[in-house]
Amino acid sequence: MAINTSYSDVPALKIHSTKVRVRWAVSAFYFFQGLCFASWASRIPDIKAALALSDGAMGSILFALPAGQMCTMPISGYVVGKYGSKKVMHFALPLYSLAMVVLSLCTSSWQLAAALFLFGVTGNFCNISVNTQGVNAERMYHRPIMSSFHGAWSLAGFAGALIGLLMTGFDLNPTQHFAIISATAFLATYANVKFLVEDTGAKKQAVKEKRSFKPDPLILQLGIIGFFAMSVEGAMFDWSGVYFQDIVGAKGAWISLGYACFMLMMTSGRFLGDKIVAKVGKKRVMQMNGLIILLGFMLAVIFPYVPTAAIGFLLVGFGVSTNIPNVYSLVGQQNKISPSAALAAISSISYLGFLLGPPMIGYISELVNLRFSYAIIALYGIMISVMVSRLKVIK
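Residues numbered from 1 in each chain as written. Predicted model: local features only at pLDDT ≥ 70, side-chain atom pairs only at ≥ 80, totals over all residues. Heavy atoms only, no water.

(A) Focus on empty space enclosed by the protein. Throughout the structure, instances matching the rule amount to three cavities of 30 Å³ or more. Approximately 340 Å³ is the volume attributed to the largest cavity. Lining the largest cavity are 25 residues, with Q33, N127, W153, Y351 and F354 sitting closest to its centre. The set of elements that each furnish at least two residues to the lining of the largest cavity consists of α1 (19-42), α4 (64-71), α7 (109-141), α8 (146-169), α11 (217-248), α15 (323-333) and α17 (352-367). Each residue belonging to the lining of the largest cavity can be placed in one class, and the counts come to 16 nonpolar, six polar and three charged. Taken as a whole, the second largest cavity encloses approximately 80 Å³ of empty space. Listing elements by their share of the lining of the second largest cavity, those giving two or more residues are α1, α2 (44-50) and α11. Ranked by residue count, the leading element in the lining of the second largest cavity is α11, at five residues. (1 Å grid on protein atoms, 1.4 Å probe; cavity = no way out; pocket = protein on both sides within 12 Å on 5 of 7 lines; lining within 4 Å. Points joined across faces, edges and corners; volume = space filled by probe spheres on them. Helix = DSSP H or I, 4+ residues; strand = E, 2+ residues; numbered from the N terminus. Nonpolar A, V, L, I, M, F, W, Y, C, P; charged D, E, K, R; others polar.)

(B) Spatial organisation of unusual backbone geometry. Of note in the backbone geometry, A52 takes a positive phi value of approximately 55° without being a glycine. Within the secondary structure, A52 sits in the loop between α2 and α3 (55-61). With a phi angle near 60°, D171 is a residue other than glycine that sits in the positive phi range. Residue placement: D171 occurs in the loop between α8 and α9 (174-192). By relative accessible area, which is 68% here, D171 ends up exposed. (Buried < 20%, exposed > 50% of the residue type's maximum accessible area, 1.4 Å probe, protein only.)

(C) Fine view of the packing of aromatic side chains. Scanning all chains against the criterion turns up 14 aromatic pairs. Aromatic pair F91 and F125: ring centres 6.4 Å apart, planes at 55°, arrangement tilted. Here the residue F91 occupies a position in helix α6 (residues 85-104), and F125 occupies one in helix α7, the gap between them amounting to 34 residues. Taking the ring centre of F195 as reference, the NZ or CZ of R21 above it sits at 3.9 Å. (Phe/Tyr/Trp six-rings, centres within 6.5 Å; stacked < 30°, edge-to-face > 60°. Lys NZ or Arg CZ within 6 Å of the ring centre and 35° of its normal.)

(D) Representation of the pattern of salt bridges in the model. As enumerated under the stated definition, the model contains three salt bridges in all. Note that D46 is salt-bridged to R43, the shortest N-O span being 2.8 Å. Residue D46 is classed as partly exposed on the basis of its relative accessible area, which comes to 35%. The class of R43 is buried, set by a relative accessible area of 4%. The partner of K86 in a salt bridge is E198, and the shortest N-O contact between them spans 3.8 Å. Of this pair, K86 sits in helix α6 while E198 sits in the loop between α9 and α10 (202-211), and the two are 112 residues apart along the sequence. In this structure K86 comes out as buried when scored by relative accessible area, which is 8%. For E198, a relative accessible area of 31% translates into the label partly exposed. (Salt bridge = Lys/Arg side-chain N within 4 Å of Asp/Glu carboxyl O.)

(E) Molecular detail of the environment of Q287. With respect to the helices, strands and loops of the structure, Q287 is situated in helix α13 (residues 282-302). Residues in contact with Q287, not counting those within four places in the same chain, are S385, V388 and S389. (Contact = heavy atoms within 4.5 Å.)

(F) The arrangement of the confidence of the model for the chain in detail. In the predicted model, the chain carries a mean pLDDT of 84, and the fraction of residues at 70 or more is 89%. Here residues 1-17 is a poorly scored stretch, pLDDT under 50, and it has 40 contacts once near neighbours within four places are set aside; other chains count. (pLDDT = per-residue confidence, 0-100.)

(G) Main features of α9. With 19 residues, α9 ought to run about 27 Å at 1.5 Å a step, and its terminal C-alpha atoms sit 27 Å apart, in line with that. Within the sequence span of α9, burial applies to P174, H177, F178, I181, S182, A185, A188, T189 and N192. One side of α9 carries all its buried residues, which in axial view fall inside an arc of 125°. Exposed and oriented more than 90 degrees from the buried face of α9 are L187 and Y190. Contacts from the buried residues of α9 go to α1, α2, α6 and α8. A side-chain oxygen of the first residue of α9 lies 3.0 Å from the backbone nitrogen of T175; this N-cap is N173. (Expected span 1.5 Å × (residues − 1). Arc of directions from axis to C-beta. Polar contact = N/O pair within 3.5 Å; in protein donor to acceptor, adjacent residues only side chain to side chain.)

Below is the structure:
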């Protein structure tokens, strides 16, 4: 199936302000969703140490977050399709931020697993609804802007890493840290939700797709590419701080340097991504990204020192920067099913990367070491390049 790259067939969308204000509103939701996740990621070493968890135990517990996402994927796709992403965003981000606070209140491993499951459930409703909003806004602009939205998410990740350093420097515990972030997320929701875009014909499409939906080969292939990309992202989100602490030997605030480097370059790559793709093409960009991921991981694995590992994580960040936005953009441009259903399908496959990647790193680390785990994840870069090369519909 060829991908429809024209936006001319999209009906007029009901908006409450100018296109610019809509874009800022959608970007705000990407940003604060990313800020919540980054806040959790920046305090993983503290929570892991507080509960005295081994790498293997932490790996098992990390299953809970993507498990919560996966269990609700069909439900969230249907709910967003039926009621519209704008209505879902009224409660999705606030609940996500509250689930983040619950993570900091856990006193045992089973409580942390349950809280991560809840964090995954609420995060999935955020993911499907905010990306549906991203597709709607991109169609309004008649040109690619999806990478910039994901850039806002990544900018939040970088900001979250820096805020984590600040909170640690002021000796604020994770509960205090997360409560502050949650309060700002509530404020952002109610300041921007009225400017979001109504999904045209959402209920009608949802009923139709519930009755007859057949897996599309293109979505399956893009989902596999997303799987490898999200495995890499998961490896960096959940284990970069631990890698710098245990393998690189970083101390104090320097433990978060690797995560900050990764997020800095991923953010930069996403804000530049739309222009680069317009000049070079999605296929070539995604192929090169896979090779850059491989190079970055191997540099950090072969030379596990602060400067070289930091450079390696910068490369990995640039390598993963535009893969997921490009995949989501391509899925949103197909015309067989609604954006919410298409995004739910692609996310169901892609998020298996989050489900399997981080726990696998923990298990391999328990058997060998964390360096070997990262060497295995480095091979996913090659798989991305190979999969993209086989897709003739991407140019």
